[in-house]
Amino acid sequence: MDVTSKGVFEVDEAQRCNGASEGEPLSVPAAIQRYHGSLLQFLRRRLRCPEDAHDVAQETYIRMMRYEGTRDIRSPSSMLFRIASNVANDLERAEQARHVTGQCTLDDVDLASDNPSPERELAGQQNLALLYEAIAELPPKCQQVFLLSRVRHMTYPEIARHCGISVKMVEKHISRALAFCAKRVGGDADVTS
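Computed from a predicted model, the values in this text were never measured in an experiment.

The next thing to look at is the overall build of the protein. Counting its regular elements, the protein contains eight helices and zero strands. Residues counted as buried form 25% of the 193 residues belonging to the protein. Relative to all contacts within the protein whose residues are 6 or more apart in sequence, the contacts with residues 24 or more apart total 59%. Carbon and sulfur atoms form 53% of the exposed surface of the protein, whose accessible area is close to 13,700 Å².

This is the structure in structure tokens:
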């Protein structure tokens, strides 16, 4: 093959591949029609999820439309596949970002807290109100001994000296107060602590 025929062959091949002769505007519909099957095949191999190939191809065609009428594009197929690669890269980056940040929202997670739940807090407030009522209903001496023990944290001997009674009597008052309060509040919990 001589130089002249080789040059003609190259021009004919370029015109066939580009779908346009040199200097003619790029026909996006012609490029899309010519390379659609090859592009989908390329994208199915390239993407993690082959079902995304059609979406990426559509986005590629939209971006390719920006170049409608451009005279200096030598290879529409190269441009089409380059745009498709960029769109596929964008999709993969978006998926990675979604997986990193989108594992789950904080609204979906029950975070451990030392604070009681609202229901438990309400129940605690109600039990405390019942306890105050029960303490108010104790006989005066029993109430005094109980409060000195639980509020002022006095020892039994200190309470006995303060009230002028025996330690044994302090124990009886405390025991009576605890039983009465436990019965009123409705708990079977050990209140002796």
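With that out of the way, let us pick up helix H3 (residues 53-64). End to end, H3 covers 16 Å across 12 residues, agreeing with the expected 16 Å (1.5 Å per residue, within 8%). Among all positions in H3, only Ala53, Val56, Ala57, Thr60, Tyr61 and Met64 are buried. An end-on view of H3 places all buried positions within 140° of arc, on one side of the element. In H3, the exposed residues that point more than 90 degrees away from the buried face are Asp55 and Ile62.

One way to put it is that helix H6 (residues 140-150) packs onto helix H7 (residues 156-163) with a least axis distance of 10 Å and a crossing angle of 140°. In this view, H6 runs oblique relative to H7, as classed from their interaxial angle. As H6 runs across H7, the sense of the crossing is right-handed. Here H6 contributes Lys141, Gln144, Val145, Leu148 and Ser149 to the contact with H7, which in turn contributes Tyr156, Ile159, His162 and Cys163.

On to the confidence of the model for the protein, then. Summarising the model, the protein shows a mean pLDDT of 78, and 75% of its residues fall at 70 or more. In the model, residues 1-23 has pLDDT below 50 throughout and makes 14 contacts with residues more than four positions away in sequence or in other chains.

Before going further, it helps to spend a moment on the packing of aromatic side chains. Where two aromatic rings form a pair, the distance of their centres and the angle of their planes describe that pair. Scanning all chains against the criterion turns up one aromatic pair. Measuring from centroid to centroid gives 5.4 Å for Phe42 and Phe81, while their planes differ by 75°, and the two rings are edge-to-face. Taken together, the residues span a long stretch of sequence, with Phe42 in helix H2 (residues 28-46) and Phe81 in helix H4 (residues 76-101) at a distance of 39 residues.

With that out of the way, let us pick up the environment of Ser175. Relative to the helices and strands, Ser175 is located in helix H8 (residues 167-185). In this structure the C-alpha to C-alpha distance between Ser175 and Cys142, which are 33 residues apart in sequence, comes to 9.4 Å.

This next bit is on the side chain of His173. Residue position: His173 is located in helix H8. Not counting the four nearest positions on each side in its chain, His173 is found in contact with Lys141, Cys142, Val145 and Ile165.

Turning our attention to the pattern of salt bridges. Across all of its chains, the model carries seven salt bridges by this definition. When the shortest N-O distance is used, the salt bridge between Glu92 and Arg46 registers 3.3 Å. In this pair, Glu92 sits in helix H4 while Arg46 sits in helix H2, placing the two residues 46 residues apart along the sequence. Measuring nitrogen to oxygen at the nearest pair gives 3.3 Å for the salt bridge that ties Asp90 to Arg63. Taken together, the positions of Asp90 in helix H4 and Arg63 in helix H3 put the pair 27 residues apart, joining distant regions of the chain. Exposure remark for Asp90: the relative accessible area of 32% places this residue in the partly exposed category.

Moving on: the nonpolar core. Counting 19 residues, the largest nonpolar core has Leu39, Leu43 and Met64 as the members making the most contacts within it. Taken together, the elements giving at least two residues each to this core come down to H2, H3 and H4. The biggest single contributor to this core is H2, with seven residues. Cys142, Cys163, Val170 and Ile174 belong to the second-largest nonpolar core, a separate cluster that totals 16 residues.

Reading guide: rules and limits
Residues numbered from 1 in each chain as written. Predicted model: local features only at pLDDT ≥ 70, side-chain atom pairs only at ≥ 80, totals over all residues. Heavy atoms only, no water. Helix = DSSP H or I, 4+ residues; strand = E, 2+ residues; numbered from the N terminus. Buried < 20%, exposed > 50% of the residue type's maximum accessible area, 1.4 Å probe, protein only. Contact = heavy atoms within 4.5 Å. Areas by Shrake-Rupley, 256 points an atom, 1.4 Å probe, with all protein chains shown as cover. Expected span 1.5 Å × (residues − 1). Arc of directions from axis to C-beta. Axes fitted to C-alpha atoms, helices over the stretch in contact; angles between N-to-C directions. Parallel < 35°, antiparallel > 145°, perpendicular 65-115°, else oblique. Left-handed = near helix turned anticlockwise from the far one by under 90°. pLDDT = per-residue confidence, 0-100. Phe/Tyr/Trp six-rings, centres within 6.5 Å; stacked < 30°, edge-to-face > 60°. Salt bridge = Lys/Arg side-chain N within 4 Å of Asp/Glu carboxyl O. Core = buried A, V, L, I, M, F, W, Y, C linked by side-chain atoms within 4.5 Å.

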